[in-house]
Amino acid sequence: MNLDDKIYIAGHRGMVGSAICRKLENLGYTNIITRTSSSLDLRDQQAVAAFFEEETPNYVFLAAAKVGGIVANNTYRAEFLYDNLQIQNNIINSAYVTGVKKLMFLGSSCIYPKMAPQPLKEDYLLTGLLEPTNEPYAIAKIAGIKMCDAYRDQYGCNFISVMPTNLYGYNDNYHPQNSHVVPALIRRFHEAKQALAPAVTIWGTGTPKREFLFADDLAEACYYLMQNYNEPGLVNIGTGEDISIKDLAALVKKTVGYEGEINFDITKPDGTPRKLMDVSKLHNQGWRHKIELEEGVGLAYQDFLKHEQSA
């Protein structure tokens, strides 16, 4: 990509899209195109086609998606499937029609089978049943990967797919019910500190292990792969390291400065015992993460405090 190339970032207001925007702006890219959902409904085929015809971007980062936690995924199953299929179908096809040089499709680690061996290798895709609670979202993302490959096979499009691990960072969602584990813990420990609560209770035993990547590291990886990777299939993006929920909670507690106890409600479910990405393919491409978890949680907590002050 040249600094004056026209680059469209779909989903620029989300955590991932905004991180990619910051990365490109910091590098001196001057022709970044964005649209809010109120000015362009990505589910609308005609509107997306007209936008691509008018703007004719050279490169596309497809980071737009309807996302949510377990409850939202399981409750709005039809919306998660329909909306995500529409968004990616419209953007991928319009990118082909208007001659986009390269497109990057961003998926999710939930594409892998629920009982896949650990760590998760790229070739485990479609080797078993999915986690039922987020199956519609996962199926949409799998369709996006296969669509990029199909357009590559039939039309010669340079469309690539990347699958990030669990993300956290600037511009995260700190909603009390709908946020993911790191922002949820940050909010809960912060509120417990403010209320001088004697303890914070966390669901499960604390033994499940999860992998976390700071969103700005993801943006670095996406930029690197956009410059250097041109193959079919998919690339996992992660750290290749995981941490137990118990140790994560202790880290967030320390970062926030909460001095009460941590209790674990073992009557509540744990979920999958482990979910770790195999990132050897990414490492072999020449990229590794830079922001370790302790530093990243500190940065995320500062972002949360800014978010709270402006709310």
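Residues numbered from 1 in each chain as written. Predicted model: local features only at pLDDT ≥ 70, side-chain atom pairs only at ≥ 80, totals over all residues. Heavy atoms only, no water.

1. A few points about the environment of M163
Here comes step 1: Turning to its location among the elements, M163 is positioned in strand β5 (residues 159-164).
Here comes step 2: With a relative accessible area of 0%, M163 lands in the buried category.
Here comes step 3: In this structure, M163 is in contact with F105, G107, S108, I111, I145, L234, V235, N236, I237 and M277, ignoring residues within four places of it in sequence. (Helix = DSSP H or I, 4+ residues; strand = E, 2+ residues; numbered from the N terminus. Buried < 20%, exposed > 50% of the residue type's maximum accessible area, 1.4 Å probe, protein only. Contact = heavy atoms within 4.5 Å.)

2. Concerning the packing of aromatic side chains
Here comes step 1: Enumeration according to the criterion identifies 14 aromatic pairs in this entry.
Here comes step 2: Look at F51 and F52: their rings are 5.5 Å apart centre to centre, the planes differ by 90°, and that puts the pair in the edge-to-face class. Here F51 and F52 have matching classes, each one buried.
Here comes step 3: Both rings, one in Y96 and one in Y151, keep their centres 5.6 Å apart while their planes meet at 75°; by these two values the pair is edge-to-face. Taken together, the residues span a long stretch of sequence, with Y96 in helix α4 (residues 77-97) and Y151 in helix α5 (residues 135-155) at a distance of 55 residues.
Here comes step 4: Of the residues examined, Y96 reaches a relative accessible area of 31% and is grouped as partly exposed.
Here comes step 5: Clustering of aromatic rings is evident, with ring pairs tying together Y96, Y151, Y155 and F159.
Here comes step 6: Above the ring of F80, the side-chain terminus of K66 is found at 5.5 Å from the ring centroid. (Phe/Tyr/Trp six-rings, centres within 6.5 Å; stacked < 30°, edge-to-face > 60°. Lys NZ or Arg CZ within 6 Å of the ring centre and 35° of its normal.)

3. A word on α5
Here comes step 1: Given a rise of 1.5 Å per residue, 21 residues ought to cover 30 Å, and the 29 Å separating the end C-alpha atoms of α5 matches this to within 8%.
Here comes step 2: A positive backbone phi angle near 75° is found at G156, which sits one or two residues after α5. (Expected span 1.5 Å × (residues − 1).)

4. Some details on the sheet that holds strand β13 (residues 274-275)
Think of a sheet as strands paired side by side through backbone hydrogen bonds, with each pair either parallel or antiparallel.
Here comes step 1: Spatial strand order, β11-β8-β13: three strands in an open sheet with mixed pairing. Each edge of the sheet is formed by a strand with only one pairing partner; in this case those strands are β11 (243-244) and β13.
Here comes step 2: Bridging between strand β8 (residues 209-210) and β13 involves two bridges; their strand directions are parallel. Looking at the pairing, R210 lines up with K275 of β13. (Pairing = 2+ DSSP bridges.)

5. Quick notes on the state of the cysteines
Here comes step 1: Overall, the coordinates contain zero disulfides when judged by the stated rule.
Here comes step 2: C148 supplies the cysteine sulfur nearest to C157, a cysteine that is in no disulfide, at a spacing of 9.0 Å. (Disulfide = S-S within 2.5 Å.)

6. Looking at the environment of E211
Here comes step 1: Within the element layout of this structure, E211 appears in the loop between β8 and β9 (212-214).
Here comes step 2: Residues E211 and A47, 164 residues apart in the sequence, show an inter-C-alpha distance of 38 Å.
Here comes step 3: Beyond its immediate stretch of four places on either side in the chain, E211 contacts T165, N166, G238, T239, G240, E241, D242, K275, L276 and M277.
Here comes step 4: Here G240 takes part through its backbone nitrogen, which lies 2.7 Å from a polar atom of the side chain of E211. (Polar contact = N/O pair within 3.5 Å; in protein donor to acceptor, adjacent residues only side chain to side chain.)

7. A word on helix α6 (residues 181-195)
Here comes step 1: Taking 1.5 Å per residue as the helical rise, α6 with its 15 residues ought to reach 21 Å, and the 21 Å between its terminal C-alpha atoms agrees with that figure.
Here comes step 2: Of the surrounding elements, those touching the buried residues of α6 are β6 (166-168), β7 (199-203), β9, α8 (245-256), β12 (261-265) and α10 (293-310).
Here comes step 3: Directly after α6, the chain includes L196, whose backbone phi takes a positive value near 55°.

8. Structural notes on the pattern of salt bridges
Once the charged atoms of two side chains with opposite charge are near each other, the side chains can pair.
Here comes step 1: In the structure shown here, the tally under the stated rule is 17 salt bridges.
Here comes step 2: Its salt-bridge partner being E55, residue R35 comes within 2.7 Å of it at the nearest N-O pair. One end of the pair, R35, is in the loop between β2 (32-33) and α2 (45-55); the other, E55, is in helix α2, with 20 residues separating them in the sequence.
Here comes step 3: Assessed through its relative accessible area of 28%, R35 is described here as partly exposed.
Here comes step 4: Counted as one network, the salt bridges with shared partners bring together K6, R35 and E55. (Salt bridge = Lys/Arg side-chain N within 4 Å of Asp/Glu carboxyl O.)

9. What to know about the pairing of strand β4 (residues 102-106)
Here comes step 1: Most of β4 is tucked away, with five of its five residues classed as buried.
Here comes step 2: Both faces of β4 are covered, namely the face carrying K102, M104 and L106 and the face carrying L103 and F105.
Here comes step 3: Pairing between strand β3 (residues 59-62) and β4: four bridges, direction parallel. Bridge pairing in β4 links F61 to M104.
Here comes step 4: Summarising the sheet, β4 and β5 pair through four bridges and their orientation is parallel. Looking at the pairing, F105 lines up with S161 of β5.
Here comes step 5: Remark: the β4/α5/β5 crossover connection has right-handed handedness. (Right-handed = clockwise from strand over helix to strand, strands pointing away.)

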